[in-house]
Amino acid sequence: MAKMKRTVVVASAMVALTACAPAGYDGSNSGAAEPVAVAAAEPTVTADPEASAEPGASASPGAEAETDAPLPDGVELTASLTGKKFPRMGSAVVNQDGFILYRFDRDTNDPPSSNCVDQCAEVWPPALTDGNPQLKGVSDDAVGTITREDGTRQITLDGWPLYTYIGDKKAGQWKGQGVGGTWFVVNPDGSKNLECLPKGTPKAVAPPSKTKSDSSDSDYTY
């Protein structure tokens, strides 16, 4: 198996048809992470036969895991990356729990670097790894890691750091799509999925560390 590429860096800090958005999505409402009552079912993830690689495909960066910093409380490693097809959305990458992965326009991929820290990372949890995620429908040549400022390792795809979104409450949702005009569902090759953007520019949900009293007056663009 090919070894995962590892680049050590220190982190620094279309409007489309509404029908494309996941059921329950309201892009004009910053609190739209909670689904509203709808009759349509949430889009479900189905395997993409054309994008799938051999089931045993994996990536390994070598014997460096012992130097990784301890995981933050409540944070789990991203054990797998899988290329999938979505109704209305097209291609995307999901983790082992079926949650969509995103990329951030304020990051860089050459060199790979994350600019989502502190409260941003509360809203967009980095996809952390021990260096051995299982891959299916994602090329191991495109997968790498960066070392974040806290010493944890984050998965990259074509150099772009990957994240989940706390506004996605269950597998198969993509409520982070287009948030702030800078967050996008990631394709299996690391490019942005622009096939199905919400109407307008949605805002991110408030960081968990913010109280109700001070979150209502803030505009979360990360």
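Residues numbered from 1 in each chain as written. Predicted model: local features only at pLDDT ≥ 70, side-chain atom pairs only at ≥ 80, totals over all residues. Heavy atoms only, no water.

Trainee: Talk me through unusual backbone geometry; I want residue IDs and the actual numbers.
Mentor: Each neighbour pair has its own omega, and for D110 with P111 the value is 5 degrees, a cis peptide bond. Mapped onto the elements, P111 comes out in the loop between β6 (108-109) and β7 (112-113). Here the phi dihedral of D118 falls at roughly 55 degrees; this positive angle occurs in a residue that is not glycine. With respect to the element layout, D118 can be found in the loop between β7 and α1 (119-123). Of note in the backbone geometry, D158 takes a positive phi value of approximately 55 degrees without being a glycine. With respect to the helices, strands and loops of the structure, D158 is situated in the loop between β10 (153-157) and β11 (160-161). (Helix = DSSP H or I, 4+ residues; strand = E, 2+ residues; numbered from the N terminus.)

Trainee: Describe the state of the cysteines, and please don't skip the residues or the numbers.
Mentor: Under the counting rule described, the total for this entry stands at one disulfide. Note that C116 is cross-linked by a disulfide to C120, the S-S spacing being 2.0 Å. Around the S-S axis, the bridge from C116 to C120 shows a dihedral of about -105 degrees and counts as left-handed. An identical accessibility class is assigned to C116 and C120; each is buried. (Disulfide = S-S within 2.5 Å. Buried < 20%, exposed > 50% of the residue type's maximum accessible area, 1.4 Å probe, protein only.)

Trainee: Could you give me a rundown of the packing of aromatic side chains, with the residues and numbers involved?
Mentor: Summed over all chains, the structure comprises seven aromatic pairs. Here Y102 and Y165 contribute two aromatic rings whose centre-to-centre distance is 6.2 Å and whose plane-to-plane angle is 75 degrees, an arrangement assigned as edge-to-face. Taken as a pair, Y102 in strand β5 (residues 102-104) and Y165 in the loop between β11 and β12 (183-185) lie far apart in primary sequence, 63 residues in all. For the pair Y102 and Y165, one class covers both residues: buried. Ring centres of F104 and W183 lie 4.1 Å apart, and the angle between their planes is 5 degrees; this geometry places the pair in the stacked category. Residue F104 is found in strand β5, and its partner W183 is found in strand β12; the two are separated by 79 residues along the sequence. Look at F104 and you get buried, because its relative accessible area is 2%. (Phe/Tyr/Trp six-rings, centres within 6.5 Å; stacked < 30°, edge-to-face > 60°.)

Trainee: Can you lay out the nonpolar core for me, pointing to particular residues and giving the numbers?
Mentor: If you look at soluble globular proteins, the nonpolar side chains tend to sit buried side by side. Grouped together as the largest cluster of nonpolar side chains are 21 residues, with contacts concentrated most on I100, Y102, W124, Y165, W174 and W183. Elements supplying a minimum of two residues to this core: β4 (90-94), β5, α1 and β12. Core analysis: the second largest hydrophobic core is formed by 12 residues, L81, V93, V138 and V143 among them. (Core = buried A, V, L, I, M, F, W, Y, C linked by side-chain atoms within 4.5 Å.)

Trainee: Explain the environment of Q173 to me, and be specific about the residues and the numbers.
Mentor: Assignment of secondary structure puts Q173 in the loop between β11 and β12. Of the polar contacts made by the side chain of Q173, one reaches the backbone nitrogen of K169; its length is 2.7 Å. Looking at Q173, its side chain comes within polar contact range of the main-chain nitrogen of K170, at 3.3 Å. (Polar contact = N/O pair within 3.5 Å; in protein donor to acceptor, adjacent residues only side chain to side chain.)

Trainee: So what about the pairing of strand β9 (residues 143-147)? Which residues, and what values?
Mentor: Among the five residues in β9, five count as buried, and that is most of the element. Along β9, one buried face is formed by V143, T145 and T147 and the opposite face, lined by G144 and I146, is buried too. Examined bridge by bridge, β9 and β10 share five bridges and lie antiparallel to one another. Its bridge partner being in β10, T147 is matched across the sheet by R153. Between β9 and β10, which follow one another and run antiparallel, lie five residues, and G151 among them has a positive phi close to 90 degrees. (Pairing = 2+ DSSP bridges.)

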